[in-house]
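The primary structure of each chain is shown beneath.
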Amino acid sequence: MVLLPMLLPIHCPVSTAGLAIAAAQCLNILSFANEKTTPTGYSKFADQKVSKIPSQTGMLIIYVPAMLTAGAMLATAPQVNGREALVAGLTLVHFAKRVFEVLFVHKYSGNMGPMCYIIGPFYALLTLLITVQTQHVPPSLYAAAASQAALPIALGLFALGELGNL
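Residues numbered from 1 in each chain as written. Predicted model: local features only at pLDDT ≥ 70, side-chain atom pairs only at ≥ 80, totals over all residues. Heavy atoms only, no water.

S.K.: Please explain the overall build of the protein chain as it appears in this structure.
M.R.: From N to C terminus, the protein chain includes 7 helices and 2 strands. Each helix and strand of the protein chain, ordered N terminal to C terminal, gives the series α-α-β-α-α-β-α-α-α. Taking as baseline every contact in the protein chain between residues at least 6 positions apart, the subset at least 24 positions apart corresponds to 82%. Surface accessibility of the protein chain: about 10,400 Å² in total, with carbon and sulfur atoms responsible for 72%. (Helix = DSSP H or I, 4+ residues; strand = E, 2+ residues; numbered from the N terminus. Contact = heavy atoms within 4.5 Å. Areas by Shrake-Rupley, 256 points an atom, 1.4 Å probe, with all protein chains shown as cover.)

So this is what it looks like as structure tokens:
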């Protein structure tokens, strides 16, 4: 655990596997560069010559695997540090909201390419990594007064973000 001035304690992975997972997660930050130069054809902006999947179906392919993964992780969450079920539940809420939006909120008229077959498993894997890594955070970190004080703020920000995105 590293203590930085003016910040809450940050749990840093120390095992080789933990560092490799953290590095893989950090690569997501670089994905914006590819998206800026070659946009993924998600909706009406998709290149119709290569798009073959109805966009609503494609979006379900993207979000349902992560929702199912989060549900499975919630159903099997161990009680190690007290946050495993919370993180899995919040992840489930996020992806269930996305699936709800796909089915009942958005109108789809375009098609999308086969990239959804890569993004869906990627989101599911990311969900799995987040929920599994949560199980390795020392219980003392969440028991700290700063963590206890930050939890209601974090939950409020999560709710605000989800409602704002909805």
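S.K.: Where do I start with the environment of Ser 147 in this structure?
M.R.: Along the polypeptide, Ser 147 turns up in helix H7 (residues 145-165). When neighbours within four sequence positions are excluded, Ser 147 is seen to be in contact with Arg 83, Leu 141 and Tyr 142.

S.K.: What is the right way to read the nonpolar core from this model?
M.R.: Generally speaking, a soluble globular protein has its nonpolar side chains buried in company with each other. Core analysis: the largest hydrophobic core is formed by 11 residues, namely Ile 53, Met 59, Ile 62, Tyr 63, Ala 66, Phe 95, Val 99, Val 102, Met 112, Cys 116 and Ile 119. Secondary-structure elements contributing two or more residues to this core are helix H3 (55-75), helix H4 (84-104) and helix H5 (116-134). Looking at this core element by element, the count peaks at 4 residues for H3. Those residues in contact with Ala 66, other than ones at most four positions away along the chain, are Phe 95, Tyr 123, Ala 124 and Thr 127. (Core = buried A, V, L, I, M, F, W, Y, C linked by side-chain atoms within 4.5 Å. Buried < 20%, exposed > 50% of the residue type's maximum accessible area, 1.4 Å probe, protein only.)

S.K.: Help me out: how do you make sense of the packing of aromatic side chains in this one?
M.R.: Here the distance between the centres and the angle between the planes together describe a pair of aromatic rings. Scanning all chains against the criterion turns up 5 aromatic pairs. Measuring from ring centre to ring centre gives 6.1 Å for Phe 95 and Tyr 123, while their planes differ by 45°; the resulting arrangement is tilted. One end of the pair, Phe 95, is in helix H4; the other, Tyr 123, is in helix H5, and 28 residues separate them in sequence. Given the relative accessible area of 9%, Phe 95 is considered buried. Note on Phe 122 and Tyr 123: the rings are 6.3 Å apart at their centroids and 45° apart in plane angle, and the pair reads as tilted. Through successive ring pairs, a cluster of aromatic residues spans Tyr 63, Phe 95, Phe 122 and Tyr 123. (Phe/Tyr/Trp six-rings, centres within 6.5 Å; stacked < 30°, edge-to-face > 60°.)

S.K.: How should the packing of H4 against H5 be read in this particular structure?
M.R.: When two helices pack together, their arrangement is captured by the angle between the axes and the distance separating the axes. Closest axis-to-axis distance for the H4/H5 pair is 8 Å, and the angle between their directions is 160°. Relative to H5, H4 is oriented roughly antiparallel. Considering the relative orientation of H4 and H5, their crossing is right-handed. The residues of H5 that touch H4, namely those facing Glu 84, Val 87, Ala 88, Thr 91 and Phe 95, are Tyr 123, Thr 127, Ile 130, Thr 131 and Thr 134. Taken together, the residues of the contact of H4 with H5 sort by class into 5 nonpolar, 4 polar and 1 charged. (Axes fitted to C-alpha atoms, helices over the stretch in contact; angles between N-to-C directions. Parallel < 35°, antiparallel > 145°, perpendicular 65-115°, else oblique. Left-handed = near helix turned anticlockwise from the far one by under 90°. Nonpolar A, V, L, I, M, F, W, Y, C, P; charged D, E, K, R; others polar.)

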